Amino acid sequence: MALELPPTLAPEARGSGVATRAGRRFCAALFAAGCQRIEALVMVGNTPSDGVVRRLGFSLEGTRRSVLIPRLGLEDRRLDVQGWSLLPGELPRVS
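My aim in this report is to walk through the structure given alongside it, one point at a time.

How each quantity is defined
Residues numbered from 1 in each chain as written. Predicted model: local features only at pLDDT ≥ 70, side-chain atom pairs only at ≥ 80, totals over all residues. Heavy atoms only, no water. Helix = DSSP H or I, 4+ residues; strand = E, 2+ residues; numbered from the N terminus. Buried < 20%, exposed > 50% of the residue type's maximum accessible area, 1.4 Å probe, protein only. Contact = heavy atoms within 4.5 Å. Areas by Shrake-Rupley, 256 points an atom, 1.4 Å probe, with all protein chains shown as cover. Pairing = 2+ DSSP bridges. Axes fitted to C-alpha atoms, helices over the stretch in contact; angles between N-to-C directions. Salt bridge = Lys/Arg side-chain N within 4 Å of Asp/Glu carboxyl O.

### A few points about the overall build of the protein chain
Stage number 1. What the protein chain contains, in helices and strands, is 2 helices and 3 strands.
Stage number 2. Its helices and strands in sequence order give the protein chain the pattern α-β-α-β-β, from N to C terminus.
Stage number 3. When burial is assessed residue by residue, the protein chain has 23% of its 95 residues classed as buried.
Stage number 4. Sequence separation of 24 or more characterises 57% of the internal contacts of the protein chain that already satisfy a separation of 6 or more.
Stage number 5. Accessible area of the protein chain: about 7100 Å², with a carbon and sulfur share of 56%.

### Description of the pairing of strand β3 (residues 77-86)
Stage number 1. Burial of β3 is extensive: 7 of the 10 residues sit out of reach of the surface.
Stage number 2. Looking at chain direction, strand β1 (residues 38-43) and β3 are connected through 6 bridges and run antiparallel. Looking at the pairing, I38 lines up with L86 of β3.
Stage number 3. Looking at chain direction, strand β2 (residues 59-69) and β3 are connected through 8 bridges and run antiparallel. The residue bridging V67 from the neighbouring strand is L79, located in β3.

### What about the sheet that holds β3?
In sheet architecture, strand pairing relies on hydrogen bonds along the backbone and comes in two forms, parallel and antiparallel.
Stage number 1. Taken in spatial order, the 3 strands of this open sheet run β1-β3-β2, and their pairing is antiparallel. Because the sheet does not close on itself, it has two edges, and the strands there are β1 and β2. Taking the axes of each pair of neighbouring strands and ignoring which way they run, one obtains an average angle of 30° across the sheet.

### Comments concerning the pattern of salt bridges
Stage number 1. Summed over the entire model, instances satisfying the criterion amount to 3 salt bridges.
Stage number 2. With its nearest N and O atoms 3.0 Å apart, the salt bridge here joins R37 to E39.
Stage number 3. Note that D50 is salt-bridged to R54, the shortest N-O span being 2.8 Å. One end of the pair is D50 and the other is R54, both in helix α2 (residues 47-55) and 4 residues apart, which spans about a single turn.
Stage number 4. A network of salt bridges, in which partner residues are shared, links R37, E39 and E61.

### Some details on unusual backbone geometry
Excluding glycine, a negative phi dihedral is what most residues carry, and trans is how most peptide bonds are arranged.
Stage number 1. Although it is not a glycine, S66 adopts a positive phi angle of roughly 55°.
Stage number 2. Residue placement: S66 occurs in strand β2.
Stage number 3. Of the residues examined, S66 reaches a relative accessible area of 37% and is grouped as partly exposed.

Listed below in structure tokens is the structure:
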């Protein structure tokens, strides 16, 4: 099963940790439901999203070059994206 959730935050919410907290809850719920692997694709150069997946414990698997990104109602683009993965037991616990 594939699910794509492009995270978009209001400018005033950026840097507040809300994306990391929401991502942690989302990943925990997926694992609790039996998911065995979560993948994240992050555009090269997207520093905020890169930070979120790192804080969530994802492992960088590599860079996919010139990936076609369909954009609803807009012209499609080709971008380099980094592939990340998270397995059960790798999600850091909140202290």
